[in-house]
Amino acid sequence: MSDPRKYTVGWICAITTEAVAARAFLDEEHDGPSTVAKHDNNSYVLGRIGAHNVVIAVLPDAEYGIASAAAVARDMLHSFPNVRIGLMVGIGGGAPSPKRDIRLGDVVVSSGNAGESGVFQYDYGKTIQNQSFQETAFLDQPPMVLRTAVSTLRGTYEMKGHQLVDNVNEALKKIKRRNKYTRPPPESDRLYRPDFVHPAHSTDRCDVTCGNDEANLVIRGERDEEDDDPAIHYGLIASGNQLMKDARLRDKLADDKGVLCFEMEAAGLMNHFPCLVIRGICDYSDSHKNKEWQGFAAMMAAAYAKDLLHQIPVNKIIEERRISEVLGSS
């Protein structure tokens, strides 16, 4: 059994697919913890990435959202008191726009400007007469050591490109049911026009029901050869308690706020488990939901997270205060 005090990186996933991807990128997997805190209902996977010992937790089956993520993080900190940095890694819905060519399989990394968090809770705020809805949830930034590592890795990718797809293909060898996690064919990446809605009562797949009629699609050309594909994007992630399935609201928040991605857990973590949020894009936050890209998107996000951890020297993590201490003194 492994000693919980040896683990300094906390990695949280929302669904099993994300947890499988995380495990596939461990350099080695450890035995489970010998003990956990009283009333801790989490189940953990322990392992090592580079020189860092990592504890992975996944939300309870079929439970999503801000409150569930906060509960999992709270229990992790009770059982693993030396966790110093946090990662929220998994899938999300993209918000493509004329400014950002976001496609399925791309990765979005939370990044703020001028001291602001890279995550905001878009469904928590106030409505004032004759004014638009105003968000009032102010969220903490990730620890400085993570933000610095993001900057370094971003520069490396700009100079040399990334090898995340190669890394995913190597990690797939560890997964028996790997078809779910391999990259789907490019023709399955369809971005429908915002005014074209998936039939509410259809039980068929989107490719059958909605098809490939160009009149209903946003036509996009191939990416330039010099661009990374999939691409890595840095910017604002919108988090809320409801799944975003409205293309028009998606586009409004992308235009007004610069949102790149939507998800359902990060807002429950940032003020109680300061972390970096890394999301692989598996859909376009519209009515055209499908699960075909979830596995590959989860693998891409996990591959980025592993690259990121390799940028951080062990002593820099040890120098960070334990998250439980930071919260206790705030």
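Residues numbered from 1 in each chain as written. Predicted model: local features only at pLDDT ≥ 70, side-chain atom pairs only at ≥ 80, totals over all residues. Heavy atoms only, no water.

(A) Just the overall build of the protein, in detail. On a plain count of helices and strands, the protein comes out with nine helices and 12 strands. A globule of 330 residues ought to have a C-alpha radius of gyration of about 20 Å, and the protein, at 19 Å, matches this closely. With the principal axes as the frame, the protein shows a C-alpha extent of 60 × 55 × 40 Å. Per-residue burial for the protein yields a buried fraction of 52% across its 330 residues. Across the protein, the fraction of contacts at a sequence separation of at least 24, relative to all contacts at a separation of at least 6, is 78%. In the form shown here, the protein has an accessible surface area of approximately 16,300 Å², with 47% of it arising from carbon and sulfur atoms. (Helix = DSSP H or I, 4+ residues; strand = E, 2+ residues; numbered from the N terminus. Rg over C-alpha atoms; globule rule 2.2 N^0.38 Å. Buried < 20%, exposed > 50% of the residue type's maximum accessible area, 1.4 Å probe, protein only. Contact = heavy atoms within 4.5 Å. Areas by Shrake-Rupley, 256 points an atom, 1.4 Å probe, with all protein chains shown as cover.)

(B) Here's a closer look at the confidence of the model for the protein. Taken as a whole, the protein shows an average pLDDT of 90; of its residues, 94% reach a score of 70 or greater. pLDDT under 50 marks residues 126-130. Its contacts with residues more than four places away, or in other chains, come to six contacts. (pLDDT = per-residue confidence, 0-100.)

(C) Focus on the environment of T17. In this structure, T17 sits in helix 1 (residues 16-24). For the pair formed by T17 and S68, sequence separation is 51 residues and the distance between their alpha carbons is 17 Å. Once residues lying within four places of it in the same chain are set aside, the contact partners of T17 are K180, Y181, Q294, G295 and A298.

(D) Up close: the nonpolar core. Membership of the largest hydrophobic core comes to 88 residues, with the highest contact counts inside it found for W11, L87, F273, M299 and Y304. Counting residues per element, this core draws most heavily on helix 7 (residues 294-309), which supplies 12 residues. Aside from chain neighbours lying at most four places away, what touches F273 is G10, I12, A73, M76, L77, V83, G86, L87 and I323. Among the nonpolar cores identified, the runner-up in size contains 10 residues, and A95, L236, L253 and V259 belong to it. (Core = buried A, V, L, I, M, F, W, Y, C linked by side-chain atoms within 4.5 Å.)

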